Amino acid sequence: MEGFLNALVVFANFVFIPGLAYGAQLALGALGVTLVFGILRFSNFAHGDLMAFGTMITILVTWWLIGMGVTLGPLPTALLALPIGIIGAVAMALLIDRLVFRFYRKQKSPGIVFVMASVGVMFVLNGIVRLIIGPNDQRFADGERFLVTVRGFREYTGLAEGLAIRLPVAITVIVAVIVVVALFWFLQYSRTGKAMRAYSDNEDLALLSGINPDKVVMVTWVIAAALATIAGVLYGLDKSFRPFTYFQLLLPIFAAAIVGGIGQPLGAIAGGFVVAFSEVTLTYAYKRVLEYLGFQPEGLVQLLSTEYKFAISFVILVLVLLIRPTGIFKGRVL
C-alpha cells in the first residue's frame, strides 16, 4: 500500500499537478483565440505574441515595483502589476485593430486575408518584445516558492516521497477558475455578452436588431487581450518568460481551441486540458512510478522525449482535423 501511495505522489508531482497548471494556461490562451474566431471570423496568429507583449509590460512594472520596495509579501508582485500589463495589451490590440484589421473589415475581405495580416502583426509584435526586453529567459516570480513543501509532506505522512505544490501553480489554477467563471457569466448574462453571442450567431440579424458592431469588436479585443496577458503572466510565473517560447505556445493553444471546437468557449477549456495532459503524460519517464509499484524496468519508460512536446500538439491537431474537424463540442468547421 505504501508503494502505491508513493507512486501516486510521484505521479502527482510530475504529471497531474504540472498538467493541471499547464492546462489552465492553455485554456485561457485558447479562450482568447476562440473568442476572436467566433466573433471576428478569423484565426489570430498574433495571439501568442500578444501574450508575450502583455507579459513583458507586467514584468517591467514588476521590476519597477520591486525596485521601489513595493511587494505583495508571500504572493508574487506580478499580480500587482498584472492590471497594468492588461491595459497595455488591450491598448496594443485596439491599436492593431484600428491600423490593420479595421481596413480589411471595411473592405469585407475574406478570412484568409485577415489570417495573413495577423501573421504580419505576429512578426512585428515579436520584434517589439525582443527589442525591449531581449530574447533571453527572464524570471520575475518573487515571494514564497512553495505552498506545500516536500519535507513538510514527508513529515506529515511518513512516506518516502514528498508532494510539492508550488505557489505559482496554485495561483494559476485559482486565477483560471475565477477568470473562466467571470467570462461565462459575462457572456451569458450581461447585455454586452448577449450582443456578442448574437453577433457571432448571425451578424446580419444582429445588425438589424440595433447591435453596434464597433462596440462588439472593441469588447472582443479587450477580452482577448486580457485573457492573453493573464495566460502569459501565469505561464511566466510557473516557468519563465522568453519571447520565442510564447511564439511556440501558439501551436498548443490553437490545438486546444480546435480540439474543443473552434468558436466554442467551453470547448477551448476542455481542449486546453486535453492537449496539456497529452503532452505531459507522453513525455514523462515512468521508471520511478513503476519501481514503487513493484516493477524493475531497465530504461526510463518514456514514450517520447521532451523535445517532442510541441510535436504532440501538432499530431493532435492533425488527427482532430482529419477525424472530427468540428472538435469535441462541434465548433465551426475550418
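These numbers were taken from a predicted model, which means no experiment stands behind them.

In this description, a pair of aromatic rings is defined by centroid distance and the angle of the planes. Applying the stated criterion across every chain, the model contains 16 aromatic pairs. Look at Tyr-22 and Tyr-235: their rings are 6.5 Å apart centre to centre, the planes differ by 50 degrees, and that puts the pair in the tilted class. With Tyr-22 in helix α1 (residues 2-40) and Tyr-235 in helix α9 (residues 213-238), the pair connects residues that are 213 residues apart, well separated along the chain. Consider the rings of Phe-103 and Tyr-104, whose centres lie 5.2 Å apart with planes at 75 degrees: the pair is edge-to-face. For Tyr-104, a relative accessible area of 25% puts it in the partly exposed group. An aromatic cluster of at least three residues, connected via ring pairs, comprises Phe-42, Phe-101, Phe-103, Tyr-104, Phe-114 and Trp-221. Seen from the ring of Phe-310, Lys-309 lies directly overhead, with NZ or CZ sitting 5.9 Å from the centre.

Tracing the backbone shows Ala-141 in the loop between α4 (111-133) and β1 (146-148). Take Ala-141: its relative accessible area is 45%, and that puts it in the partly exposed class. Sequence separation between Ala-141 and Gly-69 is 72 residues, and the spatial gap between their C-alpha atoms is 15 Å.

Further remarks concern the packing of helix α2 (residues 47-67) against α9. Closest axis-to-axis distance for the α2/α9 pair is 7 Å, and the angle between their directions is 65 degrees. As far as their axial angle goes, α9 and α2 are roughly perpendicular. Seen from above, α2 lies across α9 with right-handed handedness. Contacts from His-47, Leu-50, Met-51, Gly-54, Thr-55 and Thr-58 of α2 reach α9 at Ala-224, Ala-225, Ala-228, Thr-229, Ala-231, Gly-232 and Val-233. Looking at the contact of α2 with α9 residue by residue, the classes come out as seven nonpolar, six polar and no charged.

Leu-28 and Phe-241 are the most contacted members of the largest nonpolar core, which has 90 residues in total. Tallying contributions element by element places α9 first for this core, with 16 residues. Sequence-distant contacts of Leu-28, that is, excluding residues within four places in its chain, are made with Ala-176, Val-179, Val-180, Leu-227, Ile-230, Ala-231 and Leu-234. Judged by nonpolar contacts, the second largest core, of eight residues, contains Val-9, Ala-12, Ala-21 and Leu-159.

All right, on to the packing of α1 against helix α11 (residues 250-260) then. For the pair α1 and α11, interaxial distance at closest approach is 8 Å and the crossing angle is 75 degrees. Compared by their axis directions, α1 and α11 come out roughly perpendicular. Contacts between α1 and α11 pair Tyr-22, Leu-26, Gly-29, Ala-30 and Val-33 from the former with Pro-252, Ile-253, Phe-254, Ala-256 and Ala-257 from the latter. Tallied by class, residues from the contact of α1 with α11 come to nine nonpolar, one polar and no charged.

Quick notes on the rules
- Residues numbered from 1 in each chain as written.
- Predicted model: local features only at pLDDT ≥ 70, side-chain atom pairs only at ≥ 80, totals over all residues.
- Heavy atoms only, no water.
- Phe/Tyr/Trp six-rings, centres within 6.5 Å; stacked < 30°, edge-to-face > 60°.
- Helix = DSSP H or I, 4+ residues; strand = E, 2+ residues; numbered from the N terminus.
- Buried < 20%, exposed > 50% of the residue type's maximum accessible area, 1.4 Å probe, protein only.
- Lys NZ or Arg CZ within 6 Å of the ring centre and 35° of its normal.
- Axes fitted to C-alpha atoms, helices over the stretch in contact; angles between N-to-C directions.
- Parallel < 35°, antiparallel > 145°, perpendicular 65-115°, else oblique.
- Left-handed = near helix turned anticlockwise from the far one by under 90°.
- Contact = heavy atoms within 4.5 Å.
- Nonpolar A, V, L, I, M, F, W, Y, C, P; charged D, E, K, R; others polar.
- Core = buried A, V, L, I, M, F, W, Y, C linked by side-chain atoms within 4.5 Å.

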